[in-house]
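The lines below spell out each chain.
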Amino acid sequence: MLPTPQRRVAAACAAVAAAGALVLAGLPGSATASPSPLSPAESAAVDKTSPGVLKAMQRDLGLTSAQAEARLVNEAEAGAVAGTLQNALGRDFAGAWVHGATSARLTVATTDSGDVPAIEARGARAAVVDHSVAQLDAAKARLDRAARRTAHRDAPVWYVDVRSNAVVVRAVKSGAAKSLVSASGVDASLIRVEKSTERPRPLYDLVGGEAYYMGGGRCSIGFPITKGTQQGFATAGHCGRAGTATSGYNQVAQGTFQASIFPGNDMAWVATNTQWTATPYVKGQGGQRVGVGGSTQSPVGASICRSGSTTGWHCGTISQHNTSVTYPEGTISGVTRTTVCAEPGDSGGSYISGSQAQGVTSGGSGNCSSGGTTYHQPINPLLQQYGLTLKTTGGGGDPGPGDPEPGGTWAAGKVYAAGDTVTYGGSTYRCLQGHQAQPGWEPPSTPALWQQA
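Read on for a plain summary of the structure.

Our next topic: the overall build of the protein chain. The helix and strand tally for the protein chain stands at eight helices and 28 strands. Taken across its 453 residues, the protein chain has 57% of its residues classed as buried. Taking contacts inside the protein chain between residues at least 6 apart in sequence as the whole, the part at least 24 apart equals 62%. Summed over its atoms, the accessible surface of the protein chain is roughly 17100 Å², and 51% of this surface lies on carbon and sulfur atoms.

All right, on to the sheet that holds strand β1 (residues 93-99) then. Taking strand neighbours across the sheet as the criterion, the three strands line up as β1-β2-β3 in an open arrangement whose pairing is mixed. This sheet does not close on itself; its edge strands, each paired only once, are β1 and β3 (125-128). Ignoring which end each strand starts from, the neighbouring axes of this sheet average 20° apart. With four bridges connecting them, strand β2 (residues 105-110) and β3 associate as parallel partners.

As a packed pair, helix α3 (residues 51-61) and helix α4 (residues 65-89) sit with axes 9 Å apart at the nearest point and diverge in direction by 105°. If you check the angle between α3 and α4, you find them roughly perpendicular. Residues Leu54, Met57, Gln58 and Leu61 of α3 form the contact with α4, whose own contacting residues are Ser65, Ala68, Glu69, Arg71 and Leu72. Looking at side-chain class alone, the contact of α3 with α4 contains five nonpolar, two polar and two charged residues.

Side-chain positions along a regular strand alternate between the two faces of the sheet. Summarising the sheet, strand β8 (residues 211-214) and strand β9 (residues 217-220) pair through four bridges and their orientation is antiparallel. What sits directly across from Tyr212, in β9, is Cys219. Taking the residues between adjacent antiparallel strands as the criterion, β8 and β9 are bridged by two residues, where Gly215 takes a positive phi near 65°.

For α3, the complete set of buried residues consists of Gly52, Val53, Leu54, Ala56 and Met57. Of the residues that open α3, the one with a side-chain oxygen 3.0 Å from the backbone nitrogen of Gly52 is Ser50. Trailing α3 by a residue or two, Gly62 shows a phi angle of about 65°, which is positive.

The relative placement of two aromatic rings is captured by the distance of their centres and the angle of their planes. Summed over all chains, the structure comprises six aromatic pairs. Centre to centre, the rings of Trp410 and Tyr424 are 5.9 Å apart; their planes meet at 90°, and the pair counts as edge-to-face. Of this pair, Trp410 sits in the loop between β23 (389-390) and β24 (415-416) while Tyr424 sits in strand β25 (residues 421-424), placing them 14 residues apart in sequence. Overall, Trp410 belongs to the buried group, its relative accessible area being 0%. Centre to centre, the rings of Tyr416 and Trp450 are 5.1 Å apart; their planes meet at 75°, and the pair counts as edge-to-face.

Put simply, Phe262 and Pro263 share a cis peptide bond, and its omega is -5°. Structurally, Pro263 is set in the loop between β13 (253-261) and β14 (267-272). A positive phi is found at Asn165, a non-glycine position, where the angle reads about 55°. Structurally, Asn165 is set in the loop between β4 (157-161) and β5 (166-171). At Gln251, a residue that is not glycine, the phi angle is positive and equals roughly 70°. By secondary structure assignment, the location of Gln251 is in the loop between β12 (245-247) and β13. Overall, the relative accessible area of 52% leaves Gln251 in the exposed class.

The subject of this paragraph is the environment of Asp266. Assignment of secondary structure puts Asp266 in the loop between β13 and β14. The spatial distance from the C-alpha of Asp266 to the C-alpha of Gly237 is 4.5 Å, given a sequence separation of 29 residues. Residues contacting Asp266, with those up to four places away along its chain left out, are Thr235, Ala236, Gly237, His238, Ile261, Ile332, Val360, Ser362 and Gln377. From its side chain, Asp266 meets the backbone nitrogen of Gly237 in a polar contact 2.8 Å long. Side chain to side chain, Asp266 and His238 meet in a polar contact 2.8 Å long.

Here we take up a positive patch on the surface. A contiguous patch of positive charge, built from Arg142, Arg145, Arg148 and Arg149, is present on the exposed surface. Mapped onto the elements of the fold, Arg149 is located in the loop between α6 (133-147) and β4.

Pairing between the strands of a sheet comes from backbone hydrogen bonds, and it takes one of two forms, parallel or antiparallel. The strand order across the open sheet built from three strands is β25-β26-β28, with neighbouring strands paired in antiparallel fashion. If you trace the sheet from one side to the other, it starts and ends with β25 and β28 (450-452), each paired once. Across the sheet, the axes of successive neighbouring strands diverge by a mean angle of 35°, strand direction being ignored.

Parameters at a glance
- Numbering of residues begins from 1 in every chain and follows the order in which that chain's sequence is written.
- This being a predicted model, a pLDDT of at least 70 is required before a residue's local features are given, and a value of 80 or more before pairs of side-chain atoms are given or counted; all residues contribute to the totals for chains, interfaces and linings.
- Water and hydrogen atoms were dropped before computing side-chain values, which therefore reflect all heavy atoms in the structure.
- Counting from the N terminus, the helices are the DSSP runs of H or I reaching at least four residues and the strands are the DSSP runs of E reaching at least two.
- The classification of residues rests on relative accessible area computed with a 1.4 Å probe and restricted to protein chains. Under 20% of the type maximum is buried, over 50% is exposed, and intermediate values are partly exposed.
- By definition, residues are in contact when any of their heavy atoms lie within 4.5 Å.
- The Shrake-Rupley method, run with a 1.4 Å probe, gives the accessible areas here. Residue values count only the displayed protein chains as cover.
- Criterion used throughout: strands pair if DSSP finds at least two bridges between them.
- To get an axis, fit a line to the C-alpha atoms, keeping to the stretch in contact for a helix; angles then go from 0 to 180 degrees between the N-to-C directions.
- If an angle is under 35 degrees, it is roughly parallel; if it is over 145, roughly antiparallel; if it lies from 65 to 115, roughly perpendicular; otherwise it is oblique.
- Charged means Asp, Glu, Lys or Arg here, nonpolar means Ala, Val, Leu, Ile, Met, Phe, Trp, Tyr, Cys or Pro, and polar covers whatever is left, Gly included.
- Two N or O atoms count as a polar contact when they lie within 3.5 Å, although within protein this holds only if one can serve as hydrogen donor and the other as acceptor, and sequence-adjacent residues are included solely when both atoms are side-chain atoms.
- Each aromatic pair joins two rings of Phe, Tyr and Trp (for Trp, the six-membered one) with centres within 6.5 Å, and gets the label stacked for planes under 30 degrees apart, edge-to-face for over 60, and tilted for any other angle.
- Residues enter patches when their relative accessible area tops 30% and they take part in no salt bridge; the joining distance is 9 Å for like charges and 5 Å for the nonpolar side chains Val, Leu, Ile, Met, Phe, Trp and Tyr.
- Here, a salt bridge means any side-chain nitrogen of Lys or Arg that lies within 4 Å of a carboxyl oxygen of Asp or Glu.
- Positive residues here are Lys and Arg, negative ones are Asp and Glu, while His and the chain termini are left out of the count.
- In this description, the location of a charge corresponds to atom NZ of lysine, CZ of arginine, CG of aspartate or CD of glutamate.

In structure tokens, the structure reads:
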């Protein structure tokens, strides 16, 4: 019998105390806040994390049970604090990351040494660096544009690395990296070239969660979704094109691809027939069901697990967000790079941090025997692109993306990015962490996700 949510949250807090808590100052209050605002751990539904996810984290990250639960609590807290500081620092902000076995240490980087007291007042470590995230993102965007006109398959991966305050280009041949950088016109001082043997490819036969088939191929259900009254699932774009028919793990007719993007991005969704019902779960280790509580994006350094029918559950950490990677078919941008392994048979499948959906498997290199690197398409841009609503354990109906709430612009079902502003109950709020809003997650109740402006 699973403990009640209250007991689970209490257990998580006890685990933090035992394993090393992230010492962070409380989030700012609000004059219009509800009497019992949700803590960051409650907003991230840490108490609903599947035992299978926790066990896989223990196995792959070398953690005890208490450390695994403490890590999720700390990562939820760190994401909220990092979002608050990002808003406060503005153009000076240069990234944030967690580290340590239980993610008990948060570092926030800035380009202005005058920001150090404000960062440390939040319980985070301050790092003063040369380049802001905005500068690094702009440099990476120029590499993205250059990649569309320059052959660069020997330099297939590049990303903003906040920990080293540089745009990293991983190359099989250093000359290819130099050619790409030169074609972009980016200042070389912003670039670090890393030698790599990695040649990523789409994992066409990869499955996360339940398998599905299209013609002679096999991919995986990423996350069940709804669109109005239509049920279906999100998956990788390279698995099929609009009109491609699918059958389920049992070879029964299942549905049809409604839209697909690949390359550029790697996203798609399938509408299923009435024989199939969307549920708020992904397939876990040993056939256990893992509940999906939401889609709050985890920070760099956070733990993340992947479900696949070939290799089962495997966990690792988030290396970088906003990565571009070149496959033989072309370049995709905006994906997340992780240390989780995958093998053919896992493609399109689910990445989840605690109970929070992160994305669908795109591609990678290596394997689960010797280790590997994988890339996933973040789930929130996919939901936003197609107007989908993630199926979650939180309950509530499908309000439809964009439906307004009385008294403000905040809307359940809408995808929000960090920095977005909404009104609710006569007040203005700024988003701290990207997520799809749900009933019960109104801004006054979720200070981990919203800050009164």
